[in-house]
Amino acid sequence: MEKSSFCLHVFADADAVLAALADYFVDQASQAVAARGRFAVALSGGSSPKKLYELLASPAYRERVEWDKVYFFFGDERNVPQTSPDSNYLMAKKALFEPLGIRPAQVFAIDTALAPAEAAAQYGVDVEEFFGEKKARFDLVLLGLGDNAHTASLFPHTPVLHDKAVGVKDVWLPVEQVFRITFTAPLINQARAVAFLVYGQGKAEAVHQILDLPRDIENYPAQLIELDGKEVDWFLDEAAASQLKK
Ligand SMILES: O=C1O[C@H](COP(=O)(O)O)[C@@H](O)[C@H](O)[C@H]1O
């Protein structure tokens, strides 16, 4: 299969990027529900997506998605209790699930009460069981980009970058001295759609490294993300896009 490249969606500021990505989310959800009766999305964490989730839960968007047909997973998680302010699950719960009254059965959180390797293995089973006989293809994987060019929890110089298995892995980050849990790149790459949300000047160098420089996944792990026969969508503000080659 032919590997695709990327499609840039660049907007003046963060608010415009968020509105465009929220509209994209609505479109992806309605296409998936029309085709398969449900929408399976993997969320990202960190600071950037919180505003997106709040926007999706706002009056302008809440009627535009059949929320009872949406199933939420997490592309990565910090190895912290689900009550920790660092938990990606807690952030999404507060910004999205609670305001929209999402049923617990629609939310698949990573069980961080388990040891990291066990939590990753269990989440891999949760993903497999959700898709059953079918290939584990998320309708949409939302991703962010760290200023060190990581995405999900695919960090520079970590063994998971070379993992060829479709699944979920624990990752030890030696600099931070913490574990995380992450989708592998092959699991992300078999999604039907992948969208990066990146805004702010602080991300400009990483965006340039990923999209302009030759492949070097050890240093720029987000370069691992590519879809078969389809473009990866990048939603950027002008600041984040400012170092891209013209
Ligand atoms: O650690 C994480 O960071 C990245 C980027 O997050 P941001 O705060 O810089 O927007 C995110 O994609 C990932 O899910 C998260 O765990």
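Every value quoted in this text rests on a predicted model; they were computed, and no experiment measured them.

Turning our eyes to something else, we now look at the packing of helix 2 (residues 48–56) against helix 4 (residues 88–100). Packing of helix 2 against helix 4 brings their axes to within 8 Å, and their N-to-C directions diverge by 30 degrees. Relative to helix 4, the element helix 2 lies roughly parallel. The residues of helix 4 that touch helix 2, namely those facing Lys-50, Tyr-53, Glu-54 and Leu-56, are Met-91, Ala-92, Ala-95 and Leu-96. Residue classes in the contact of helix 2 with helix 4 are distributed as 6 nonpolar, no polar and 2 charged.

Taking every second residue as pointing to the same face, both faces of strand 5 (residues 140–143) are buried, with Leu-140 and Leu-142 on one and Val-141 and Leu-143 on the other. Two elements, strand 5 and strand 8 (residues 194–198), share 3 bridges in a ladder whose sense is parallel. Across the sheet, the residue bridging to Leu-143 is Phe-196, located in strand 8.

Once that is clear, we can look at the sheet that holds strand 3 (residues 70–74). The 6 strands lie next to each other as 1-9-8-5-2-3, forming an open sheet whose pairing is parallel. Every other strand in the sheet has two partners, leaving strand 1 (6–11) and strand 3 as the edge strands with one partner each. For this sheet, the mean angle separating the axes of adjacent strands, direction not counted, is 20 degrees. Relative to strand 5, strand 2 (residues 39–43) is paired through 2 bridges, and the arrangement is parallel. Residue pairing across strands places Ala-42 opposite Val-141, the latter belonging to strand 5. The sheet strands contacting helix 1 (residues 14–36) are strand 1, strand 2, strand 3, strand 5, strand 8 and strand 9 (232–237), and the helix crosses strand 9 at an angle near 155 degrees.

What follows is about helix 7 (residues 204–212). Structural remark: α-helix, 3.6 residues per turn; residues separated by three or four positions point the same way. Within helix 7 the residues assigned to the buried category are Ala-204, Ala-206, Val-207, Ile-210 and Leu-211. Buried residues of helix 7, seen end-on, are gathered within an arc of 160 degrees and therefore sit on one face of the element. The secondary structure elements touched by the buried residues of helix 7 are strand 1, strand 8 and strand 9.

Moving on: the pairing of strand 8. Buried residues dominate strand 8, accounting for 5 of its 5 residues. Side-chain alternation along strand 8 places Val-194, Phe-196 and Val-198 on one buried face and Ala-195 and Leu-197 on a second face that is also buried. Sheet analysis places strand 8 next to strand 9, joined by 4 bridges and oriented parallel. When the sheet's bridge partners are listed, Ala-195 is paired in strand 9 with Asp-233. Between the parallel pair strand 8 and strand 9, the chain is carried across by helix 7, and the sense of this crossover is right-handed.

Mapped onto this numbering, the UniProt entry gives "domain: Glucosamine/galactosamine-6-phosphate isomerase" (unreviewed entry) at residues 13–234. For residues 13–234, the helix share is 36%, the strand share is 17%, and the end-to-end C-alpha distance is 14 Å.

For the rest of this paragraph, the subject is the nonpolar core. Val-194 and Val-207 are the most contacted members of the largest nonpolar core, which totals 76 residues. At 7 residues, the largest contribution of residues to this core is made by helix 1. Not counting residues up to four positions away in its chain, the partners in contact with Val-207 are Leu-145, Val-198, Leu-236, Ala-240, Ala-241, Gln-243 and Leu-244.

This part is about unusual backbone geometry. At Ala-152, a residue that is not glycine, the phi angle is positive and equals roughly 45 degrees. For Ala-152, the location among the structural elements is in the loop between strand 5 and strand 6 (168–173). For Gln-177, which is not glycine, the phi dihedral falls at a positive 60 degrees. Mapped onto the elements, Gln-177 comes out in the loop between strand 6 and strand 7 (178–183). Overall, the presence of 7 C-beta atoms within 10 Å leaves Gln-177 in the exposed class.

This part covers the site of the ligand. Inspection of the region around the ligand gives 14 residues, with Gly-45, Gly-46, Ser-47, Ser-48 and Gly-144 positioned closest. Partitioned by chemical class, the residues of the shell around the ligand number 3 nonpolar, 10 polar and 1 charged.

The next thing to look at is the sheet that holds strand 7. Pairing within the open sheet is antiparallel, and its 3 strands lie in the order 4-7-6. A strand with exactly one partner marks an edge of an open sheet, and here the two such strands are strand 4 (76–78) and strand 6. Neighbour to neighbour, the strand axes of the sheet diverge by 20 degrees on average, direction disregarded. Sheet strands in contact with helix 5 (residues 116–131) are strand 6 and strand 7, and its direction is about 155 degrees off that of strand 6.

Reading the values: the criteria
Residues numbered from 1 in each chain as written. Predicted model: local features only at pLDDT ≥ 70, side-chain atom pairs only at ≥ 80, totals over all residues. Axes fitted to C-alpha atoms, helices over the stretch in contact; angles between N-to-C directions. Helix = DSSP H or I, 4+ residues; strand = E, 2+ residues; numbered from the N terminus. Parallel < 35°, antiparallel > 145°, perpendicular 65-115°, else oblique. Contact = placed C-beta atoms within 7 Å. Nonpolar A, V, L, I, M, F, W, Y, C, P; charged D, E, K, R; others polar. Buried ≥ 20, exposed ≤ 12 C-beta atoms within 10 Å, placed from the backbone. Pairing = 2+ DSSP bridges. Arc of directions from axis to C-beta. Right-handed = clockwise from strand over helix to strand, strands pointing away. UniProt positions renumbered as here; feature names shortened; annotations may be inferred. Core = buried A, V, L, I, M, F, W, Y, C linked by C-beta atoms within 7 Å. Near = placed C-beta within 6 Å.

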